[in-house]
Amino acid sequence: MPFIPDQRQEFERIALVHRDVLLRVASRILRCESLAEDAVQDTLLHAWRAFHQFERGSNCRAWLFRIMLNGIRRNRRRAVPLADLPARQSLDTLMTGRSSFGSVARLDATAAVDALPETQRTIFLLSAVEGFTCKEISGMQAIPIGTVMSRLSRCRAELRKVLRPRIQVGKRTD
């Protein structure tokens, strides 16, 4: 299909606006800023090339996430040198304005989320942080909705198990 000149502006208007969200989630999944930037760049390049296939009026953000998650899955076979292992990032950057946690609790939450298996961490980030529905995540991950719900349930149970004792200690008993 030939490229339409107005398509560039449309791509910028509906796809490029999601770059920061894609980068934030890729950083949390991959735990490496440079790998995350590469994943987002690859995603946007793939989306640009396939933009003629995008169904106007559908959820562009979900379409971009599906492209990115598929790309991350394809590139998982590459080894990450030890020198490139990232420092932990604060969950605070993901939840700015959404949480009343103190800084210590944020670090606990970050550690708890980082300790989750990647499959659960990815689904948690897409659901709790990015607000995608289980149906949307199912489509992005190309897995049954029941699997999404199961992983999300296990993830939440694990986070409760790890964080509940810390929350109980922090509660005041006046």
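Residues numbered from 1 in each chain as written. Predicted model: local features only at pLDDT ≥ 70, side-chain atom pairs only at ≥ 80, totals over all residues. Heavy atoms only, no water.

**Things to note about the side chain of Arg61**
Locating Arg61 in the fold gives a position in helix H4 (residues 60-74). Setting aside anything within four residues of it in sequence, one finds Arg61 in contact with His18, Val21, Glu130, Gly131 and Phe132. (Helix = DSSP H or I, 4+ residues; strand = E, 2+ residues; numbered from the N terminus. Contact = heavy atoms within 4.5 Å.)

**Digging into a negative patch on the surface**
Taken together, Glu33, Glu37, Asp38 and Asp42 make up a surface patch of like negative charges. On the basis of relative accessible area, Glu37 is assigned to the partly exposed category, the value being 38%. (Patch = residues over 30% accessible without salt bridge, like charges linked within 9 Å, V, L, I, M, F, W, Y side chains within 5 Å. Areas by Shrake-Rupley, 256 points an atom, 1.4 Å probe, with all protein chains shown as cover. Salt bridge = Lys/Arg side-chain N within 4 Å of Asp/Glu carboxyl O. Lys, Arg positive; Asp, Glu negative; His and termini not counted. Charge placed at Lys NZ, Arg CZ, Asp CG, Glu CD. Buried < 20%, exposed > 50% of the residue type's maximum accessible area, 1.4 Å probe, protein only.)

**Digging into H4**
At 3.6 residues per turn, the α-helix brings residues three or four places apart onto the same side. In a regular helix each residue adds 1.5 Å, so 15 residues correspond to 21 Å; H4 covers 21 Å between its end C-alpha atoms and thus fits that length. The residue sitting at the N-terminus of H4 and contributing the capping side-chain oxygen is Asn59; that oxygen lies 3.1 Å from the backbone nitrogen of Arg61. (Expected span 1.5 Å × (residues − 1). Polar contact = N/O pair within 3.5 Å; in protein donor to acceptor, adjacent residues only side chain to side chain.)

**A look at the pattern of salt bridges**
Applying the stated criterion across every chain yields a total of seven salt bridges. In this structure, Asp114 and Arg28 form a salt bridge, with 3.0 Å as the shortest nitrogen-oxygen distance. Taken together, the residues Asp114 in helix H5 (residues 103-115) and Arg28 in helix H2 (residues 19-30) connect sequence positions 86 residues apart. We note that Asp114, like Arg28, is buried. The closest approach of N and O atoms between Arg61 and Glu130, which form a salt bridge, is 3.5 Å. Taken as a pair, Arg61 in helix H4 and Glu130 in the loop between helix H6 (118-129) and helix H7 (134-141) lie far apart in primary sequence, 69 residues in all. Take Arg61 and Glu130: they sit in the same class, and that class is buried.

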